[in-house]
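Residue-level structure breakdown
Okay, here's what each chain looks like letter by letter:
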Amino acid sequence: MINVKGLKKSFGKNEVLTGIDIDIAQGEVVVVIGPSGSGKSTFLRCLNLLEQPTGGEIYFEDELITARKYDIDSARRKMGMVFQHFNLFPHKTVLQNLTIAPIKVKKTDTASAQKIALDLLQTVGLADKKDAYPNQLSGGQKQRIAIARALAMQPHVMLFDEPTSALDPEMVGEVLEVMKKLAQQGMTMVIVTHEMGFAREVGDRIIFMDGGRIVEQGTPEQVFGSPSNARTQDFLSKVL
Amino acid sequence: MKVLKPWLGCLISILMLFFMIVPAMASAEGSGKTIVVGLSADFAPYEFHKNIDGQDQIVGSDVEIAKRIAADMGAQLQIQDIPFDSLLPALSSGRIDMIISGMTPTEDRRKNVDFSESYYISRQVIMTRAEDKDKYASFDSLKGITIGVQKGSIQEGIAKDIEGAKLTSVDKISDVVLQLQSKRVDAAVMEGPVAEGQVANHSDLAITAAQIPNSDTEMAIAVKKGNTELLAQINSTLADLKKTDAVPKFIQEATALNSDEQTEPDNIFSIFWDYRHYYATGVQYTLLLSALGVLFGFVIGLIVALLRLSNLNVLRWIAMTYIEILRGTPMLVQLLIIHYGIAQTFHIEFSVLQSGIITLSINSSAYLAEIFRAGIQGVDRGQTEAARSLGMSYGMTLRHIIIPQAIKSVLPAIGNEFVVIIKESSIVSFIGVADLMFQAQAVRSITYSALYPLLIAAAIYFVMTFVLSKLLGMVERRWSVSDKR
């Protein structure tokens, strides 16, 4: 579904990604872990071109989205993204946050967009908040709304950029619960996170990144159980 | 579209209103020929404001002459009250067809305009406070004293020739009178009939016996250079008037009209009540000007702000130049350039109201553009990322996500700009828009009260800005529902 070949990204002279190759299959849940500054978030943001790669190629559903003339908006419609800081639209109600993109971008009529939105709010357990404004919600509620907002576009893949890092500890669980449900439904997901327990439980494949490249990858049992690389062992010994 | 549609509808209807109402307000209605006469209506008995049956009217002997000319031409007469200084530019830029304002055909003026035969010869007199009447009884006694004159008038030129005299030039004859009464000047040079009119109304003033040599001045009607057709028409009317000796009669009648029942209202409330219609009209114009100025300024400012934030250098530079020039030059200069300069250079004529609105709009657009820019830049970058990640284009993101948040955050600043514009719109009185300031000046020149008409205007300005600030505060609180925690 997503094929990345030789992906490089530099900010000025600072090379953040030094060459990444990865293929992500439909329905796969890929969890990216690694120390801060290892390039995990940059890698994720390159997948929907929020960061413009400085080298390499990215294919999404067999289309080369890094091609110069490619209309990236059309790919982004099928790639949902969830941010560390939620980025809900503060001037819109919860319901409007969920319906604006389907209505404006996909030209869905208001009634069906609202129906989809209400179903999603039900799923994330916040149907009663549909008329609230984002600032009236707790962090965990905001992030669940943000997930629902991305899902409202009915994406083929979901990208999560440290979705629980900005949350108070007691709210982490409710967000992970929603994500777990999503994984069980067969959604293709790429998740950057520091929640090792969650990674182990939900991930089909664990990617360990360090210094702008993929150092080790495999099933959770392999990476967490018997890491082969010294840096992986070092990192896991610190966080587990 | 939900957000934009009502806005757009509003805008279009207001635009239509603008093009319908403004020309109608600015020019006389009706079909057929119109002849526009420019005069400075503060020069009794030749031309002055008079409250007749609660209506402000411009009357005087020159107005009577203008009526005759218009009648002979079969045209409708339209009178524009313009400061004396601005009459000649108004004529050469084609805003008015002729000047009948007690104007003397000097050599300098002849270079720029053509004059009719003279219709009246006035003599100049020296007016002083009654107690000084004998002190300045001879021309020689005037040496070295301070003398008040009307700015740009023929008397200013005459007074300059008095040895050692220190001149104080003011806009209006009523101001000259006030200068005398408040002892800021010792004497004033004035037209004979004008001075007689003033003395009739003010017992503390008198005309001295001093004779000014070579001071008899002709009065003639000015037309645009080369307009021989109109000039011939005017001369034939003047010849008719001369036959019946009509002009001195006009002047006598006008002098009588000016001096009758000038019971001076010395109480601020009675001035306000007597001239409430003036102020009401003024408030209407001031509010119309400010509202349209801010509305158009809002739209233009938003566009300029977007250009200013564009990735294209050219667009950014254009926007920056626009903003810097408009913010770096006085609004009065902009107003005069738009009203007189553009008319003369490009032959595009705006009515005084249109010029006023255009000036206020572009001026406030420069300030609003910078306010919008700050607002747009102040919206969190994550908002753009979230919108783009949902597949929204750059334009959609701006329109639905960034700009609504930016506008909300700058609403207090926009309201502030509206308040500023209400105050600054007072400069449009300079070109003759009948706004609140203009009306206050008109009331001053009728009542000869220096302070009260202006105090009333100040009070009205204050009420408008104060109420507006409070209203904006309420709107702001309603808008901030989404900020509630």
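Residues numbered from 1 in each chain as written. Chains lettered and ligands numbered in written order. Predicted model: local features only at pLDDT ≥ 70, side-chain atom pairs only at ≥ 80, totals over all residues. Heavy atoms only, no water.

Moving on, we come to empty space enclosed by the protein. Residue and element names in this part refer to chain B. Overall, the coordinates contain three cavities of 30 Å³ or more when judged by the stated rule. Space inside the largest cavity adds up to approximately 120 Å³. If you go around the largest cavity, you meet 14 residues; those closest to its centre are Ala44, Phe48, Ser445, Ile446 and Tyr448. At the level of elements, β2 (42-43), β3 (47-52), α6 (173-181) and α17 (436-447) are the ones that each hand at least two residues to the lining of the largest cavity. (1 Å grid on protein atoms, 1.4 Å probe; cavity = no way out; pocket = protein on both sides within 12 Å on 5 of 7 lines; lining within 4 Å. Points joined across faces, edges and corners; volume = space filled by probe spheres on them. Helix = DSSP H or I, 4+ residues; strand = E, 2+ residues; numbered from the N terminus.)

Residues and elements named next belong to chain A. An order of β6-β7-β8-β3-β9-β10 is seen for the six strands of this open sheet, with the pairing classed as mixed. In this open sheet, the two strands that pair with only one neighbour each are β6 (79-82) and β10 (213-218). Averaged over neighbouring strand pairs, the angle between their axes works out to 20° when direction is ignored. Where strand β7 (residues 157-161) lies against strand β8 (residues 188-192), five bridges are found, and the strand directions are parallel. Each residue of the ladder has a partner; that of Asp161, found in β8, is Val192. Against the sheet, helix α1 (residues 40-47) touches β3 (29-33), β6, β7, β8 and β9 (205-210), its axis set at about 150° to β7. (Pairing = 2+ DSSP bridges. Axes fitted to C-alpha atoms, helices over the stretch in contact; angles between N-to-C directions. Contact = heavy atoms within 4.5 Å.)

Turning next to the packing of helix α11 (residues 276-308) of chain B against helix α16 (residues 394-424) of chain B. Residue and element names in this part refer to chain B. Close contact between α11 and α16 brings their axes to 11 Å; oriented N to C, the two are set at 145°. Our pair here, α11 against α16, has a crossing hand that is right-handed. On the side of α11, the interface is formed by Thr286, Leu287, Ser290, Ala291, Val294, Phe298, Leu302 and Leu306, while α16 contributes Leu398, Ile403, Ile407, Ile414, Phe418, Ile421 and Ile422. Split into classes, the residues belonging to the contact of α11 with α16 amount to 13 nonpolar, two polar and no charged. (Left-handed = near helix turned anticlockwise from the far one by under 90°. Nonpolar A, V, L, I, M, F, W, Y, C, P; charged D, E, K, R; others polar.)

It is worth spelling out the UniProt feature "transmembrane region" (unreviewed entry) in chain B at this point. Residue and element names in this part refer to chain B. Residues annotated in UniProt with the feature "transmembrane region" (unreviewed entry) correspond here to residues 285-307 and 450-475. Here residues 285-307 runs as 100% helix and 0% strand, with 32 Å between its end C-alpha atoms. End C-alpha atoms of residues 450-475 are separated by 39 Å, and the span's content is 92% helix alongside 0% strand. (UniProt positions renumbered as here; feature names shortened; annotations may be inferred.)

For Glu61 of chain A, which is not glycine, the phi dihedral falls at a positive 50°. Overall, the relative accessible area of 28% leaves Glu61 of chain A in the partly exposed class. Its identity as a non-glycine residue notwithstanding, His347 of chain B has a phi of 60°, on the positive side. Among the structural elements, His347 of chain B can be located in the loop between α13 (331-346) and α14 (352-378). The class of His347 of chain B is exposed, set by a relative accessible area of 65%. (Buried < 20%, exposed > 50% of the residue type's maximum accessible area, 1.4 Å probe, protein only.)

We now examine the packing of aromatic side chains. For the coordinates displayed, the defined rule picks out seven aromatic pairs over all chains. Consider the rings of Phe43 of chain B and Tyr46 of chain B, whose centres lie 5.3 Å apart with planes at 35°: the pair is tilted. The burial state of Phe43 of chain B is the same as that of Tyr46 of chain B; both residues are buried. Between the aromatic rings of Phe462 of chain B and Phe466 of chain B, the centroid separation amounts to 5.5 Å while the plane-to-plane angle is 20°, which identifies the pairing as stacked. A residue pair is termed a helical-turn pair when its members lie 3 or 4 positions apart in one helix, as Phe462 of chain B and Phe466 of chain B do in helix α18 (residues 452-479) at four residues. Pairwise contacts between aromatic rings join Phe43, Tyr46 and Tyr120 of chain B into one cluster. Against the face of Phe89 of chain A rests Arg149 of chain A, its NZ or CZ located 4.5 Å from the ring centre. (Phe/Tyr/Trp six-rings, centres within 6.5 Å; stacked < 30°, edge-to-face > 60°. Lys NZ or Arg CZ within 6 Å of the ring centre and 35° of its normal.)

Our next topic: the side chain of Glu216 of chain A. All names here are of chain A. Along the chain, Glu216 turns up in strand β10. Buried within the structure, Glu216 lacks any salt-bridge partner; its nearest side chain of opposite charge belongs to Arg231, at an N-O separation of 9.0 Å. Within polar-contact distance, the side chain of Glu216 engages the backbone nitrogen of Ser228 at 2.8 Å. (Lys, Arg positive; Asp, Glu negative; His and termini not counted. Salt bridge = Lys/Arg side-chain N within 4 Å of Asp/Glu carboxyl O. Polar contact = N/O pair within 3.5 Å; in protein donor to acceptor, adjacent residues only side chain to side chain.)

Let us now look at the nonpolar core. In terms of nonpolar packing, the biggest core is built from 60 residues, with Ile2 and Phe43 of chain A together with Phe372 of chain B touching the most fellow members. Ranked by residues supplied to this core, first place goes to α16 of chain B with eight residues. In this view, Phe43 of chain A contacts Leu7, Leu17, Ile20, Ile22, Val32 and Met209 of chain A; residues no more than four positions away in its chain are not counted. (Core = buried A, V, L, I, M, F, W, Y, C linked by side-chain atoms within 4.5 Å.)

A few words on the interface of chain B and chain A. On the side of chain A, 26 residues touch chain B, which itself brings 24 residues to the contact. Our count for the chain B to chain A interface comes out at two salt bridges. In this structure, Arg388 of chain B and Asp73 of chain A form a salt bridge, with 3.3 Å as the shortest nitrogen-oxygen distance. There are six residue pairs in polar contact (both at pLDDT 80 or more) connecting chain B and chain A.

A few words now on the pattern of salt bridges. For the structure on display, the rule yields 24 salt bridges over all chains. Note that Asp131 of chain A and Lys130 of chain A form a salt bridge whose closest N and O atoms lie 3.2 Å from each other. Assessed through its relative accessible area of 30%, Lys130 of chain A is described here as partly exposed. Taking the shortest distance from any N to any O, the salt bridge between Glu174 of chain A and Arg144 of chain A comes out at 2.8 Å. Of this pair, Glu174 of chain A sits in helix α6 (residues 169-184) while Arg144 of chain A sits in helix α5 (residues 139-151), placing them 30 residues apart in sequence. A relative accessible area of 26% means that Glu174 of chain A is categorised as partly exposed. Among the residues examined, Arg144 of chain A registers a relative accessible area of 12% and is labelled buried. Within this structure, Arg45 and Glu51 of chain A together with Arg381 and Glu385 of chain B form a network of salt bridges that share partners.

This next bit is on α6 of chain B. The buried count for α6 of chain B comes to eight of nine residues, which makes it a mostly enclosed element. Where α6 of chain B is concerned, the buried positions are Ile173, Ser174, Asp175, Val176, Val177, Leu178, Gln179 and Leu180 of chain B.

Turning our attention to the packing of helix α12 (residues 313-328) of chain B against α14 of chain B. Residue and element names in this part refer to chain B. For the pair α12 and α14, the least separation of the axes is 9 Å and the interaxial angle reads 120°. Comparing their axes, α14 and α12 come out oblique. Note that α12 runs across α14; the crossing there is left-handed. Two secondary-structure elements touch here, α12 through Tyr322, Ile323, Leu326 and Arg327 and α14 through Ile362, Asn363, Ser365, Ala366, Tyr367, Ala369 and Glu370. (Parallel < 35°, antiparallel > 145°, perpendicular 65-115°, else oblique.)

Residues and elements named next belong to chain B. Overall, mixed pairing links the five strands, which are arranged β10-β9-β11-β8-β12 in an open sheet. Because the sheet does not close on itself, it has two edges, and the strands there are β10 (166-170) and β12 (205-207). Within this sheet the neighbouring strands show an average axis-to-axis angle of 30°, counted without direction. Two elements, strand β8 (residues 124-129) and β12, share three bridges in a ladder whose sense is antiparallel.

Moving on: the pairing of strand β7 (residues 113-122) of chain B. Residues and elements named next belong to chain B. Buried residues dominate β7, accounting for eight of its 10 residues. Bridge count between β7 and strand β13 (residues 217-224): seven bridges; the pairing is antiparallel. Across the sheet, the residue bridging to Val113 is Lys224, located in β13.

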